[in-house]
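If you want the building blocks of each chain, they are given just below.
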Amino acid sequence: MLAPLTSAQSSQTPVITFAPEQCCLSINQFHLAYAGKPALRDLTLDVPRHRVTAFIGPSGCGKSTLLRAINRLHDLNESVSHRGYIALEGQDIHAPQMNVTELRRRVGMVFQTPNPFPMSIYENVAFGLRLQRRLPKRKRDDIIEWALTSAALWDEVKDRLHRSAWQLSGGQQQRLVIARTLAVQPDVLLLDEPASALDPISTLKIEELIRNLKSQLTLVLVTHNMQQAARVSDYTAFLQNGELVEFGLTDQVFTNPRLQRTENYITGRMT
Amino acid sequence: MDITSDTHSQHISRQFNQELEELKTHLMAMGGLVEKQVQDAVYSLLEGDSHLAEKVRDNDRQVNDLQLQIDDECTRVLARRQPAASDLRLVLAVIRATSDLERIGDEASKIARNAMLLSENNGNTRGLVEVRHISEHVRKMLRDALTAFARFDTELAMQVVREDELVDDEYGSAMRSLMTFMMEDSRSISSVLSIMWVLRALERVGDHANNLAEYVVYLVKGLDIRHTDLDSLDQKVLKKS
């Protein structure tokens, strides 16, 4: 367990902080606006390495925007402006020398609806690898088996690797997408509502997978399902109106939040 | 962040508000019944009223039934609502509190059983002064612990926690004087032993009231003060305020 140091972002914001060597992502005074309308307001928080950090908050609070900002998915949207700093392992992701393709390899992303490519299960997982470098087939096969095993899908698909990925169930498709992301060996996995379109059993499989993956990489999870955040995450950040309200150990946030606003949100009270 | 007694009535789901309110109401009803049981048990002993003692023994079933009922309600809230934060603390505090109240009910029943035994002896019983004194003390502790629960009053709860140490001292000194009675007059051994059991039961009632008060601090402040010595207690609670 990391030994977190507590300090306050401002006098009102309870925020857990980490020693630099424990941080995977460092977000500092990050501000983002859509067509001049602020969506994230001077956010400062650290995401610890090899842990699951959940972002929770009401619709429109900026949690998905923050996730996309970490992956620079807003780059092509001209109406988006931002200032502040996001660092991945100490490197500014907006620095001119940062290669965006390489950033997205290092920071994988999984969305709400599974989006397998219209090709075989094998080719789906091989896709990123092929883009990245030429590998001997045996080596590639090994990585694909490893990625599918890590995504807890290998046993279910090993006999039909060359069938269409679209024949898989929703839960299997989502795990396939995770395997595709893992194949290029990212440092961070961003999960935007990864289980909200899935049935309860598939959801539990994804949650189990998230828990197992944290030994390999850092995970950031956006979810509307607070029980899910409570079940799988180590740390929870509560966002509201683009601001960070509270960030702490999940155990503490869900049993004894520091602020009334957090308490009201997680217990379903009127604000 | 401290919560107040209104905190649990502000959910978007009115049904959830109602369920939590009912938990509190039923716990208070159980608390009231248990308080009356202790009062009647002690009265039956001091006044030699074996009918009342009999009634206390019978009423213990009601206390047990209430515990089952409230625990069942808590289980339903946990299963259906998956409460978090202060809601979760309320449900946990209520589950723990019913267990202590039920044990207080058992102690009242023990006192009533000894009251029946003593009324059969019909002799002069030593130690009634001690029983009266300690019973007043622990009944006040129980009343205050229940009031603290109803009002989410941590100051009153802390007062109860501090009182428990005094009761333990009073119990120790009462036991010493009862031992002297037994040594002085061997014919009194049987009745004095009964009084000792009664005092032991009252001391346990004080311990359970102390537990109830600790749950109030947990409920309101999210601070678990069980197994904390008195000296560091105030500092711990103050730091959390």
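Residues numbered from 1 in each chain as written. Chains lettered and ligands numbered in written order. Predicted model: local features only at pLDDT ≥ 70, side-chain atom pairs only at ≥ 80, totals over all residues. Heavy atoms only, no water.

Chain B appears in an unreviewed UniProt entry as Phosphate-specific transport system accessory protein PhoU from Vreelandella nigrificans. UniProt annotates chain B under Subunit (unreviewed entry) with the comment "Homodimer." Regarding chain B, the UniProt comment filed under Subcellular location (unreviewed entry) reads as follows: "Cytoplasm". (UniProt positions renumbered as here; feature names shortened; annotations may be inferred.)

With an unreviewed UniProt entry as reference, chain A is termed Phosphate ABC transporter ATP-binding protein, source organism Vreelandella nigrificans.

S.K.: What am I meant to see in the side chain of Asn 114 of chain B here?
M.R.: All names here are of chain B. Mapped onto the secondary structure, Asn 114 falls in helix α3 (residues 85-121). The exposure class of Asn 114 is buried, given its relative accessible area of 5%. A polar contact of 3.0 Å, which involves the side chain of Asn 114, links it to the backbone oxygen of Lys 110. When near neighbours in sequence (up to four residues on either side) are disregarded, Asn 114 contacts Leu 45, Ser 194, Trp 197 and Val 198. (Helix = DSSP H or I, 4+ residues; strand = E, 2+ residues; numbered from the N terminus. Buried < 20%, exposed > 50% of the residue type's maximum accessible area, 1.4 Å probe, protein only. Polar contact = N/O pair within 3.5 Å; in protein donor to acceptor, adjacent residues only side chain to side chain. Contact = heavy atoms within 4.5 Å.)

S.K.: In this structure, what is going on with helix α2 (residues 50-81) of chain B? I would like to understand it.
M.R.: Since there are 3.6 residues in each turn of an α-helix, residues three or four apart along the chain are aligned in direction. Residues and elements named next belong to chain B. Between the first and last C-alpha of α2 there are 47 Å, a value that for 32 residues agrees with the 46 Å anticipated at 1.5 Å per step. The sharpest bend along α2 reaches about 25 degrees and sits at Asp 58. Residues of α2 that are buried in the fold lie against α1 (14-47) and α3. A distance of 3.2 Å separates the backbone nitrogen of His 51 from a side-chain oxygen at the start of α2, and that oxygen is part of Asp 49. One or two steps after α2, the chain reaches Gln 82, where phi turns positive at roughly 40 degrees. (Expected span 1.5 Å × (residues − 1). Bend = angle between axes of the 7 residues up to and from the residue.)

S.K.: Please clarify how the packing of α1 of chain B against α3 of chain B should be interpreted in this entry.
M.R.: Residues and elements named next belong to chain B. Contact geometry for α1 and α3: axes closest at 9 Å, N-to-C directions at 20 degrees. Taken as axis vectors, α1 and α3 run roughly parallel relative to one another. In terms of crossing hand, the pair formed by α1 and α3 is left-handed. Residues belonging to the contact of α1 with α3 are distributed by class as follows: 21 nonpolar, six polar and three charged. (Axes fitted to C-alpha atoms, helices over the stretch in contact; angles between N-to-C directions. Parallel < 35°, antiparallel > 145°, perpendicular 65-115°, else oblique. Left-handed = near helix turned anticlockwise from the far one by under 90°. Nonpolar A, V, L, I, M, F, W, Y, C, P; charged D, E, K, R; others polar.)

S.K.: Whenever I open this one, the pattern of salt bridges confuses me. Can you help?
M.R.: Two side chains with opposite charge may pair up if their charged atoms get near one another. Under the counting rule described, the total for this entry stands at 25 salt bridges over all chains. Linking Arg 130 of chain A and Glu 123 of chain A is a salt bridge whose minimum nitrogen-to-oxygen distance equals 2.6 Å. The exposure class assigned to Glu 123 of chain A is partly exposed, which follows from its relative accessible area of 26%. Between Arg 200 of chain B and Glu 203 of chain B there is a salt bridge, with the nearest N and O atoms lying 3.1 Å from each other. Here Arg 200 of chain B and its partner Glu 203 of chain B are both found in helix α6 (residues 189-221), three residues apart, which amounts to about one turn of the helix. Owing to a relative accessible area of 37%, Arg 200 of chain B belongs among the partly exposed residues under this scheme. (Salt bridge = Lys/Arg side-chain N within 4 Å of Asp/Glu carboxyl O.)

S.K.: Mind showing me how you'd approach the environment of Val 198 of chain B here?
M.R.: All names here are of chain B. Of note, Val 198 is situated in helix α6. Val 198 sits 91 residues away from Glu 107 along the chain, and the two C-alpha atoms are 8.4 Å apart. What Val 198 contacts, discounting residues up to four positions off in sequence, is Leu 45, Ile 111, Asn 114 and Val 131.

S.K.: What am I meant to see in the nonpolar core here?
M.R.: Inside soluble globular proteins, nonpolar side chains tend to come together where they are buried. Counting 76 residues, the largest nonpolar core has Leu 101, Val 131, Leu 142, Leu 199, Leu 202 and Leu 212 of chain B as its most contacted members. For this core, the secondary structure elements donating two or more residues are α1, α2, α3, α4 (128-151), α5 (154-184), α6 and α7 (230-240) of chain B. Judged by nonpolar contacts, the second largest core, of 49 residues, contains Ala 126, Ile 143, Val 177 and Tyr 265 of chain A. (Core = buried A, V, L, I, M, F, W, Y, C linked by side-chain atoms within 4.5 Å.)

S.K.: Before we go on, may I ask you to explain the environment of Arg 126 of chain B in this structure?
M.R.: Residue and element names in this part refer to chain B. Within the element layout of this structure, Arg 126 appears in the loop between α3 and α4. Given the relative accessible area of 36%, Arg 126 is considered partly exposed. Once the C-alpha coordinates of Arg 126 and Ser 188 are considered, the two residues, 62 residues apart in sequence, prove to be 7.9 Å apart. Among residues more than four places away in sequence, those in contact with Arg 126 are Leu 178, Phe 181, Val 192 and Ile 195.

S.K.: Quick question: what am I supposed to make of the pairing of strand β3 (residues 23-34) of chain A here?
M.R.: Residues and elements named next belong to chain A. For β3 and strand β4 (residues 37-48), the ladder comprises eight bridges, and the chain directions are antiparallel. Each bridged residue has a counterpart across the sheet, and for Tyr 34 the counterpart in β4 is Lys 37. As consecutive antiparallel partners, β3 and β4 are separated by two residues, and within that stretch Ala 35 has a phi angle of approximately 50 degrees, a positive value. Where β3 and strand β6 (residues 80-88) come together, eight bridges link them in antiparallel fashion. Its bridge partner being in β6, Leu 25 is matched across the sheet by Leu 88. (Pairing = 2+ DSSP bridges.)

S.K.: So what exactly am I meant to see when it comes to the pairing of strand β11 (residues 235-240) of chain A here?
M.R.: Looking down a regular strand, the side chains alternate between one sheet face and the other. All names here are of chain A. With six of its six residues buried, β11 lies for the most part within the structure. Of the two faces of β11, the one carrying Tyr 235, Ala 237 and Leu 239 and the one carrying Thr 236, Phe 238 and Gln 240 are both buried. Inspection of the sheet shows strand β5 (residues 52-56) paired to β11 by four bridges, in the parallel sense. For Ile 56, the partnering residue across the bridge sits in β11 and is Phe 238. Pairing of β11 with strand β12 (residues 243-249) involves six bridges; the strand directions are antiparallel. Residue pairing for β12: Gln 240 is matched across the bridge by Glu 243. In this structure, the hairpin formed by β11 and β12 is closed by a connection of two residues, where Asn 241 is found at a positive phi of approximately 50 degrees.

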